[in-house]
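So the chains spell out like this:
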Amino acid sequence: MIDNPEMRRSVEELRLTFKSGKTRSGDWRKAQLRAILRLIQENEDTLFRLLESELGKHPVESYRDEIGVVKKSADHALTYIDQWMSPKKGRLPLVFFPASRKVLSEPFGLVLIIGSWNFPISLILDPLIGAISAGNTVVLKPSELALNCASFFANILPSYLDPKAIKVIQGGIDVSNQLLQYKWDKIFFTGSTKVGKIVMGAAAMNLTPVTLELGGKCPVIFDCLPNSDLKVAAKRVASGKWGACAGQACIGIDYVIVEQKFASTLIEQLKKTIKEFYGDDVKNLRNLAKIINRGHFDRLRSYLEDPTVANCIVYGGSFDDTSLIIEPTILLDPPLDAAIMNEEIFGPLLPVITMDKIEESIEFINSKPKPLALYAFTKHENFKKRILAETSSGSVTFNDTMVQFVCDDLPFGGVGQSGFGRYHGKYSFDTFSHEKAVLERSFYLELEPRHPPWSTFKLEFLRCVYNYNYAGMLRLLLGLKRTSNP
Ligand code: NAD
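This structure is a prediction, so every number in the text was calculated from the model and none was measured.

With respect to the layout of surface pockets
Part 1 of the argument: Of the volumes computed, that of the largest pocket is approximately 1,200 Å³.
Part 2 of the argument: Taken together, 48 residues form the lining of the largest pocket, with Gly191, Ser192, Thr193, Lys194 and Val195 sitting closest to its centre.
Part 3 of the argument: Among the elements of the structure, helix H7 (173-180), strand E6 (186-190), helix H8 (193-204) and helix H11 (294-305) are those that each provide at least two residues to the lining of the largest pocket.

Written out as structure tokens, the structure reads:
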């Protein structure tokens, strides 16, 4: 292990803090949650500025997707934390009588949260709310690609949150790898599938539990809709593609599947919606976020350098090198073996894939890795049932996009290549807690058949126990006839 004395001291201090027991108290947890609320309230303008400079996000978008989300999560946690922390009692089978059982949620200990850059505020603070609610000490490693947000956290967090329990460690891949060499009690990672595998490999060395919030290609199944619904549906598609960080969102739409006969109707409506949302001038797309950096900008441009893909552009396609803004772009039926159809796009390019029958979309989606989010616009109940029964994804949203992210009562997480584990609301608390089973027996009444020496009677008796056959037990104890064959 590369020795980084400062990192080592931080980790040791956090371990000592956890050992002291202070983070387990409800008062400590609530004080930290209130401090997060104060932090975002008192620094809202700074956060708006940071998100605008990193990603060109308009304050409305920043509030909707980041600041508001964090506020809502912290409020929710404060409302329910007493309930979450209280032991869950339950009944026991009669044979344990007299006894009691409960499930205690205990903090894991010291957790590592590694974030990505596309929602650099909420993807750090939202998991932190879960980790604090559950009573852990925490290292936060924000993404180096949203450097100003990372520095903001490093500078400001110690003046709001308990610095002996929550630390920000800044850096890139090297720092991330150094951190991964420590023994953590839980790792919560948000990022790409590729790096998720590295994180999981490192965690395996210490059997550390991980939550992997990864990415992938999120499809939209767009069934034929009546005109009356088309306008709203197109707005929701446009929002799910271009409206959140210009498509640089894990649950953002990657591509749309539509029946061939309906494709031009949908595309025309999407074009109208884009004009309504953003106007025409790429350089002045004040309402559209920019691409995070030149590397990603060039990666997106390279998809269109393939002439077989460029030929499919039916709207947009222009790039502004200075502002790193890419015009909302629609492509009709790019080749299925092109990079754009096989890598996570993570940008404002929208392939529309046509099929003869919309039902074929199920097979198409099933031929790809399981997505984080699947969206379907349809009014057909049977088709909805088929989608739910025959596909697998982190979430399914019918007739809208992205909104599942802000529902505290829905688990947020992936399946297969899009990750595993879940968070938000109570799921966050559970993600950062170990559920400890506690059973307490009395010394009265002993179930002798559980102990040797063995006999046919004991076998019979245990059969009755495992079958909850209380009448049979009673008959055996009273020496009456057999209840079943040995
Ligand atoms: P990334 O995997 O490149 O980086 C994520 C984090 O891992 C960063 O903090 C980075 O410093 C660190 N990292 C990068 N390379 C590493 C390495 N080799 N070893 C150790 N650590 C390393 O991802 P990104 O570019 O920041 O984010 C984009 C990806 O994240 C997309 O795939 C997107 O879908 C996904 N994502 C998922 C969610 C979700 O909630 N499921 C949310 C946002 C983004």
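Some points on a nonpolar patch on the surface
Part 1 of the argument: A cluster of nonpolar side chains, namely Leu94, Phe97, Tyr444, Leu445, Tyr468 and Tyr470, defines an oily patch on the protein surface of about 750 Å² accessible area.
Part 2 of the argument: On the secondary structure map, Tyr468 appears in the loop between helix H16 (456-466) and helix H17 (470-477).
Part 3 of the argument: Assessed through its relative accessible area of 53%, Tyr468 is described here as exposed.

With respect to the site of the ligand
Part 1 of the argument: Residues in contact with the ligand amount to 26 residues; listed here are only the nearest, Lys141, Glu144, Ser192, Leu214 and Glu344.
Part 2 of the argument: Between Lys141 and the ligand, the recorded distance is 2.7 Å, taken from a side-chain N or O atom to an oxygen atom.
Part 3 of the argument: Here Glu144 contributes a side-chain N or O atom positioned 2.6 Å from an oxygen atom of the ligand.
Part 4 of the argument: In isolation the ligand exposes 840 Å². Once the protein is present, 90% of that is buried.
Part 5 of the argument: According to the grid-proximity analysis, the pocket containing the ligand is the largest pocket.
Part 6 of the argument: Sorting the residues of the shell around the ligand by element identifies H7, E6 and H8 as the ones contributing at least two each.
Part 7 of the argument: A per-element tally of the shell around the ligand places H7 first, with three residues.
Part 8 of the argument: Taken together, the residues of the shell around the ligand break down into 12 nonpolar, 10 polar and four charged.

Digging into the packing of aromatic side chains
Part 1 of the argument: This structure, assessed with the given rule, holds 15 aromatic pairs.
Part 2 of the argument: Each ring, one from Trp84 and one from Phe429, has its centre 5.6 Å from the other, and the planes form 40 degrees; the classification is tilted. Note that Trp84 is positioned in helix H4 (residues 59-85) and Phe429 in helix H15 (residues 425-431), a separation of 345 residues in sequence. Of the two residues, Trp84 and Phe429, neither departs from the other in class, the shared state being buried.
Part 3 of the argument: Pairing Phe297 with Phe319 gives two aromatic rings, centres 5.5 Å apart and planes at 85 degrees, and the pair type is edge-to-face. Placement of Phe297 in helix H11 and of Phe319 in strand E11 (residues 319-320) is noted, with a sequence separation of 22 residues between them. Assigned by exposure class, Phe297 and Phe319 land together as buried.
Part 4 of the argument: Across from the ring centre of Phe398, 5.8 Å away, lies the NZ or CZ of Lys384, which sits over that ring.

Some thoughts on the sheet that holds strand E5 (residues 166-168)
Strands in a sheet are paired, the pairing made by backbone hydrogen bonds, and the direction either parallel or antiparallel.
Part 1 of the argument: Taken together, six strands build an open sheet; the order of strands is E5-E4-E3-E6-E7-E17 and the sheet is mixed. Every other strand in the sheet has two partners, leaving E5 and strand E17 (419-420) as the edge strands with one partner each.
Part 2 of the argument: Across four bridges, strand E3 (residues 110-114) lies against E6 in parallel orientation. From the neighbouring strand, Ile113 faces E6, where its bridge partner is Phe188.
Part 3 of the argument: Contacting E3, strand E4 (137-141) and E5, helix H1 (residues 5-20) runs over the sheet at an angle of about 150 degrees to E4.

What counts, and at which threshold
- Residues numbered from 1 in each chain as written.
- Predicted model: local features only at pLDDT ≥ 70, side-chain atom pairs only at ≥ 80, totals over all residues.
- Heavy atoms only, no water.
- 1 Å grid on protein atoms, 1.4 Å probe; cavity = no way out; pocket = protein on both sides within 12 Å on 5 of 7 lines; lining within 4 Å.
- Points joined across faces, edges and corners; volume = space filled by probe spheres on them.
- Helix = DSSP H or I, 4+ residues; strand = E, 2+ residues; numbered from the N terminus.
- Patch = residues over 30% accessible without salt bridge, like charges linked within 9 Å, V, L, I, M, F, W, Y side chains within 5 Å.
- Areas by Shrake-Rupley, 256 points an atom, 1.4 Å probe, with all protein chains shown as cover.
- Salt bridge = Lys/Arg side-chain N within 4 Å of Asp/Glu carboxyl O.
- Buried < 20%, exposed > 50% of the residue type's maximum accessible area, 1.4 Å probe, protein only.
- Near = heavy atom within 4 Å.
- Polar contact = N/O pair within 3.5 Å; in protein donor to acceptor, adjacent residues only side chain to side chain.
- Sits in = over half its atoms within 2 Å of the grid points.
- Nonpolar A, V, L, I, M, F, W, Y, C, P; charged D, E, K, R; others polar.
- Phe/Tyr/Trp six-rings, centres within 6.5 Å; stacked < 30°, edge-to-face > 60°.
- Lys NZ or Arg CZ within 6 Å of the ring centre and 35° of its normal.
- Pairing = 2+ DSSP bridges.
- Contact = heavy atoms within 4.5 Å.
- Axes fitted to C-alpha atoms, helices over the stretch in contact; angles between N-to-C directions.

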